Amino acid sequence: MTSISSRRLRKELNEIQAEGCPTGITLLSADNFESWFFSIEILGESLYQGEVFKLMFRFDSNYPISAPAVQFVVDQDSTAPVHPHVYSNGHICASILGNEWSPVLSVSAVCVTLQSMLASCKSKERPVDNDRYVRYAPDNPKKTRFHYDDD
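Residues numbered from 1 in each chain as written. Predicted model: local features only at pLDDT ≥ 70, side-chain atom pairs only at ≥ 80, totals over all residues. Heavy atoms only, no water.

If you look the protein chain up in an unreviewed UniProt entry, it shows as UBC-like protein from Rhizopogon vinicolor AM-OR11-026.

Structure below.
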C-alpha cells in the first residue's frame, strides 16, 4: 500500500482510537490497512431501530483518492439490512461510494452516511433487481457500475 494511503488510514485510525466512533458505530477490527470492520446500530425511531449490522471496508493503494469498497457483511452471524439500496449480498448502491466519493470523506463519515440512509428509510424492501444482481455480482462492489437515483 502506498505511503499516502497508509498515512491517511493511520491518521483515521488514531482519531477513532483517541476520540471514539460516532454514536451507534463501533470499530470491531482494524488489524491492517487492507480491511476494517464496524458495527452500525440504527438509533431513534426508524424501521431499523435497535438493529445492528456489520460493515466491511476494503482499501486499495489509491485510498483516499479512490473510494473504499464498502459492504454489509453477510455470513452465519450477520445479514444485510433489507433496504432499497442494499442488495442481499451486502453490496450498497450509494453515490457516496461511487461517483460522489471525495477524498475529504473519512471512514467515520461513510458510516454516519449509511446509518442515516437506513434511519431515513420508509420501506423495508430489496432493490427491484436484487436476484439478478446477486447472481452475477462481482465480489468487490466497486467493480459494479451502479445507476444512482436521487432518492
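That was the structure; now back to the text.
Details of helix H2 (residues 107-119)
The end-to-end C-alpha distance of H2 is 18 Å, a good match for the 18 Å that 13 residues give at a rise of 1.5 Å each. Among all positions in H2, only Val107, Ser108, Val110, Cys111, Leu114, Gln115, Met117 and Leu118 are buried. Those residues of H2 that are buried are in contact with helix H1 (3-19), strand S1 (25-29), strand S2 (35-41), strand S3 (52-58) and strand S4 (69-72). (Helix = DSSP H or I, 4+ residues; strand = E, 2+ residues; numbered from the N terminus. Expected span 1.5 Å × (residues − 1). Buried < 20%, exposed > 50% of the residue type's maximum accessible area, 1.4 Å probe, protein only. Contact = heavy atoms within 4.5 Å.)

A few points about the pattern of salt bridges
Going through the model one piece at a time under the given rule, you end up with five salt bridges. Glu12 serves as the salt-bridge partner of Arg8, at 2.7 Å between the closest nitrogen and oxygen. Of the two residues, Arg8 and Glu12 both sit in helix H1, four residues apart, roughly one turn of that helix. The exposure class assigned to Arg8 is buried, which follows from its relative accessible area of 17%. (Salt bridge = Lys/Arg side-chain N within 4 Å of Asp/Glu carboxyl O.)

Details of the packing of aromatic side chains
Counted according to the given criterion, the structure contains eight aromatic pairs. Arranged with centres 5.2 Å apart and planes meeting at 70°, the rings of Trp36 and Phe59 form a pair that is edge-to-face. Here the residue Trp36 occupies a position in strand S2, and Phe59 occupies one in the loop between S3 and S4, the gap between them amounting to 23 residues. Residue class for Phe59 comes out buried when judged on its relative accessible area of 7%. Each ring, one from Phe38 and one from Phe57, has its centre 5.5 Å from the other, and the planes form 70°; the classification is edge-to-face. Residue Phe38 is located in strand S2, and its partner Phe57 is located in strand S3; the two are separated by 19 residues in the primary sequence. (Phe/Tyr/Trp six-rings, centres within 6.5 Å; stacked < 30°, edge-to-face > 60°.)

Some thoughts on the environment of Ile42
Considering the arrangement of structural elements, one finds Ile42 in the loop between S2 and S3. Spatially, the C-alpha atoms of Ile42 and Ser6 are 30 Å apart, while their sequence positions differ by 36 residues. Excluding anything up to four places from it in sequence, Ile42 contacts Tyr48, Gln49, Gly50, Glu51, Phe53, Gln115, Leu118 and Ala119.

Some thoughts on the sheet that holds S1
Across the sheet, which stays open at both edges, the four strands sit in the order S1-S2-S3-S4 with antiparallel pairing between neighbours. Edge strands, defined here as strands with exactly one partner in the open sheet, are S1 and S4. Between one strand axis and the next, the sheet turns by 25° as a mean value, whatever way the strands run. Sheet topology note: the S1/S2 ladder contains four bridges and is antiparallel. By the bridge assignment for S2, Ile25 is matched with Ile40. H2 contacts S1, S2, S3 and S4 of the sheet and is inclined by roughly 35° relative to S2. (Pairing = 2+ DSSP bridges. Axes fitted to C-alpha atoms, helices over the stretch in contact; angles between N-to-C directions.)

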